[in-house]
Amino acid sequence: MDEDELRTREQLMLHEALVKAMDRRGEVFQVVEDSENLDEAIQRVGQLLGLGELGSRVVLDMQVRRFTRDQRQAIASYAEELRSRLPNGR
């Protein structure tokens, strides 16, 4: 796997994490609200969405204004573009 493909895969993973969070925003917000601290929120978001620490951090760092429908569509479209760059679409 070359460096470009590795970078594309990482970007795809992060954008897919954002789409998952947006699709389950109510649950994500509840998990964050119920967490005692940032470390617990990272862990609980990861468990909820099946993400690693990096994906969880990206979700938690996302600004609330990005949860709009048009932003979700833009992120999902970019994820599709990234996916199309990979061999066999994955």
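Report on the accompanying structure. (Residues numbered from 1 in each chain as written. Predicted model: local features only at pLDDT ≥ 70, side-chain atom pairs only at ≥ 80, totals over all residues. Heavy atoms only, no water.)

Right, let's talk about the packing of helix α1 (residues 3–23) against helix α4 (residues 53–61) for a bit. Direction vectors running N to C along α1 and α4 enclose 55 degrees, while the axes themselves pass 9 Å from each other. Judged by the angle between their axes, α1 and α4 are oblique. The chirality of how α1 crosses α4 is right-handed. Along the contact surface, α1 presents E10, M13, L14, A17, L18 and A21, while α4 presents L54, G55, V58 and V59. Considering only residue class, the contact of α1 with α4 consists of eight nonpolar, one polar and one charged. (Axes fitted to C-alpha atoms, helices over the stretch in contact; angles between N-to-C directions. Helix = DSSP H or I, 4+ residues; strand = E, 2+ residues; numbered from the N terminus. Parallel < 35°, antiparallel > 145°, perpendicular 65-115°, else oblique. Left-handed = near helix turned anticlockwise from the far one by under 90°. Contact = heavy atoms within 4.5 Å. Nonpolar A, V, L, I, M, F, W, Y, C, P; charged D, E, K, R; others polar.)

A word on the packing of aromatic side chains. Under the counting rule described, the total for this entry stands at one aromatic pair. For the pair F29 and F67, a centre-to-centre distance of 5.1 Å together with 50 degrees between the ring planes defines the contact as tilted. On the criterion of sequence distance, the pair formed by F29 in helix α2 (residues 25–34) and F67 in the loop between α4 and α5 (69–85) is long-range, its members being 38 residues apart. Given the relative accessible area of 38%, F29 is considered partly exposed. (Phe/Tyr/Trp six-rings, centres within 6.5 Å; stacked < 30°, edge-to-face > 60°. Buried < 20%, exposed > 50% of the residue type's maximum accessible area, 1.4 Å probe, protein only.)

Time to look at the environment of A76. Turning to its location among the elements, A76 is positioned in helix α5. The class of A76 is buried, set by a relative accessible area of 15%. C-alpha of A76 to C-alpha of H15: the two residues are 61 residues apart in sequence and 7.2 Å apart in space.

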